[in-house]
Amino acid sequence: MTDTAKSTRPAAPASPTRGRWWIVVAALLLQFSIGAVYAWSVFSTALKSPKAMGLSNPEASLPFEVTIGMIFIGTYIGGRIQDKRGPRPVAITGGIIYALGSLLASLAHDHSQFWLLILGYGVIGGFGLGLAYIVPIAMLQKWFPDKRGLITGLAVAGFGFGAVLTAPVAQSLIAVHPDNPTWAFLPLGLAYLVLSVVGAAFFRNPPEGYEVPGWVPSTSGRVRDSLREYTGREALRAPQWYLLTAILTLNTTVGISLISQANSSAVDIAGYTLTGAAGVVGVLALFNGGGRIFWAWISNRTGRMPAFGLMLGLQGVCLLLIPHAGNPAFFVALAAIVYLCYGGGFGTMPATAGDFFGVKHAGAIYGLMIIGWSLGGVIGPPIIASLVGADKAYTIGYTVMGIIALVSIVLTVITRMPRSKDADAKGTAAKATTATSTTA
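An account of the accompanying structure is given in this report. (Residues numbered from 1 in each chain as written. Predicted model: local features only at pLDDT ≥ 70, side-chain atom pairs only at ≥ 80, totals over all residues. Heavy atoms only, no water.)

1. Some details on empty space enclosed by the protein
Inspection of every chain in the model, using the stated rule, returns one cavity of 30 Å³ or more. Lining the largest cavity we find Q141, P350, A353, G354, G358, A362, I365 and Y366. At the level of elements, α14 (328-357) and α15 (362-369) are the ones that each hand at least two residues to the lining of the largest cavity. The class makeup of the residues in the lining of the largest cavity is five nonpolar, three polar and no charged. (1 Å grid on protein atoms, 1.4 Å probe; cavity = no way out; pocket = protein on both sides within 12 Å on 5 of 7 lines; lining within 4 Å. Points joined across faces, edges and corners; volume = space filled by probe spheres on them. Helix = DSSP H or I, 4+ residues; strand = E, 2+ residues; numbered from the N terminus. Nonpolar A, V, L, I, M, F, W, Y, C, P; charged D, E, K, R; others polar.)

Here it is as structure tokens:
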């Protein structure tokens, strides 16, 4: 063959999936930066010191509660905008707002400026967090319809891993100025800004008509790839949306009750030093992140609802045992299981929502469902803080949460997949046939 013939031969078309794993890496970078929110218990312990702000236990949990409460507003708005404008501008905006909230929180130096901490870390930071958080979840489900369970676990795993590095770094920064622990938000906020913007800059949706070569949608009934795509409004008319949101709410409520008290619990129950407890929080964050991948993978094999039933059951048992875990290793083992299952809820629910309602409008549908996260964040920390109180009554606090988790398993038993359009059509046809036969 001549060189001319070689030069005119058409190049092989590039695979449509080429480069999609690099988008996963970019998503993890963004999620890692905003996931630093799970290191709050390190700040909470420091802010309760009389030498710092001298906050009470309920006061020390308030900024974290407000942050989680604001997430829903951010995800709701971000999900709707992303479906229309694409993922990149929403994610970049969210990352910038989140970082600005941390920088503002660094200006709160004493109890009289506690409101500034709530405004910066809670209101502004929580809103930015929500904007950024929803983007990779919806985006990656479109890139990976063939690996929906795994990819949604990965999409939020970086968020769970955020406290792995942040917790010990924050403790080291706090130790520099223990009388003014909020100063640590200044360098942390700058780091969040860089990581989130760099990651979000690579975000994009797949092209129109995108398909994964060789992948055939499942029709097994365990997932719903062959069913119609729900709009956000249609999903809200389905009872399954409310059942799934309730499951997410309760899984969040019980897990976040431990997360909000993890640092203090490690010190008071298991006897860790402050430095050791900060290290424990960082280690536990590995399970928060890993649980998002692990349970998403498990749910592909067991089904979504059995997986949620296991998560709630394991958390319930561990929360009942934690107040009696005086042995440091036993405490970490129990807490790790709670973190694993808490993170698993966020790794599994996006895929569950995709199975039930489709992925075309995933940003809007799951963005609305994140209200369960916000409700859990508003309900769990104040309940556990008030039950534990100044007397450090961890037994009653964690026992209540453990019972809530065990009772919640009922929801996973009664939740069923929506009927498909084909099934509805067949049912209507069957009724029509029966009516005709009866008439004849």
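So much for the structure itself; the text now carries on.
2. A few points about the pattern of salt bridges
Tallied over the full model, the rule gives three salt bridges. D268 is the salt-bridge partner of K392, the closest N and O atoms lying 3.3 Å from each other. Here D268 lies in helix α11 (residues 262-268) and K392 lies in the loop between α16 (371-388) and α17 (394-407), a separation of 124 residues in the sequence. Judged by relative accessible area, K392 falls into the partly exposed class, the value being 47%. In this structure, R304 engages D355 in a salt bridge whose closest nitrogen and oxygen atoms are separated by 2.6 Å. Residue R304 is found in helix α13 (residues 304-321), and its partner D355 is found in helix α14; the two are separated by 51 residues along the sequence. An identical accessibility class is assigned to R304 and D355; each is buried. (Salt bridge = Lys/Arg side-chain N within 4 Å of Asp/Glu carboxyl O. Buried < 20%, exposed > 50% of the residue type's maximum accessible area, 1.4 Å probe, protein only.)

3. A word on the environment of T45
Assignment of secondary structure puts T45 in helix α3 (residues 40-47). Given a relative accessible area of 16%, T45 falls into the buried group. Considering only alpha carbons, one finds T45 and L274, 229 residues apart in sequence, at a separation of 8.4 Å. With residues up to four places along the chain from it excluded, the contact list for T45 reads N263, S264 and L274. (Contact = heavy atoms within 4.5 Å.)

4. Observations concerning the packing of helix α12 (residues 274-302) against α13
At a minimum axis separation of 7 Å, α12 and α13 run at an interaxial angle of 130°. Taken together, the axes of α12 and α13 lie oblique to each other. Judged by the twist between their axes, the crossing of α12 over α13 is right-handed. Judged by residue contacts, W295, A296, S299, N300 and T302 of α12 engage R304, P306, A307, L310, M311 and L314 from α13. Of the residues in the contact of α12 with α13, the class split is seven nonpolar, three polar and one charged. (Axes fitted to C-alpha atoms, helices over the stretch in contact; angles between N-to-C directions. Parallel < 35°, antiparallel > 145°, perpendicular 65-115°, else oblique. Left-handed = near helix turned anticlockwise from the far one by under 90°.)

5. A short note on a positive patch on the surface
Together, R80, K84, R85, R233 and R237 make up a region of like positive charge exposed at the surface. Residue contributions to the positive patch peak at three residues, all from helix α4 (residues 57-85). Relative to the helices and strands, R233 resides in helix α9 (residues 232-236). You can call R233 exposed: its relative accessible area is 68%. (Patch = residues over 30% accessible without salt bridge, like charges linked within 9 Å, V, L, I, M, F, W, Y side chains within 5 Å. Areas by Shrake-Rupley, 256 points an atom, 1.4 Å probe, with all protein chains shown as cover. Lys, Arg positive; Asp, Glu negative; His and termini not counted. Charge placed at Lys NZ, Arg CZ, Asp CG, Glu CD.)

6. Concerning the nonpolar core
Counting 124 residues, the largest nonpolar core has Y38, L117, Y133, F357, Y366 and W373 as the members making the most contacts within it. Once residues within four sequence positions are removed from consideration, Y133 is found in contact with Q31, I34, T75, V156, F159, R292, F346, I370 and W373. (Core = buried A, V, L, I, M, F, W, Y, C linked by side-chain atoms within 4.5 Å.)

7. With respect to the environment of N205
Mapped onto the secondary structure, N205 falls in the loop between α8 (185-200) and α9. A relative accessible area of 27% places N205 in the partly exposed class. Sequence spacing of N205 and I23 is 182 residues, and the spatial spacing of their C-alpha atoms is 9.7 Å. The residues contacting N205, other than those within four sequence positions of it, are G86, P87, M139, K142 and W143.

8. Side note on the packing of aromatic side chains
Under the counting rule described, the total for this entry stands at 21 aromatic pairs. Connected via pairs of aromatic rings, a cluster forms that spans Y38, Y133, F159, Y342, F346 and W373. (Phe/Tyr/Trp six-rings, centres within 6.5 Å; stacked < 30°, edge-to-face > 60°.)

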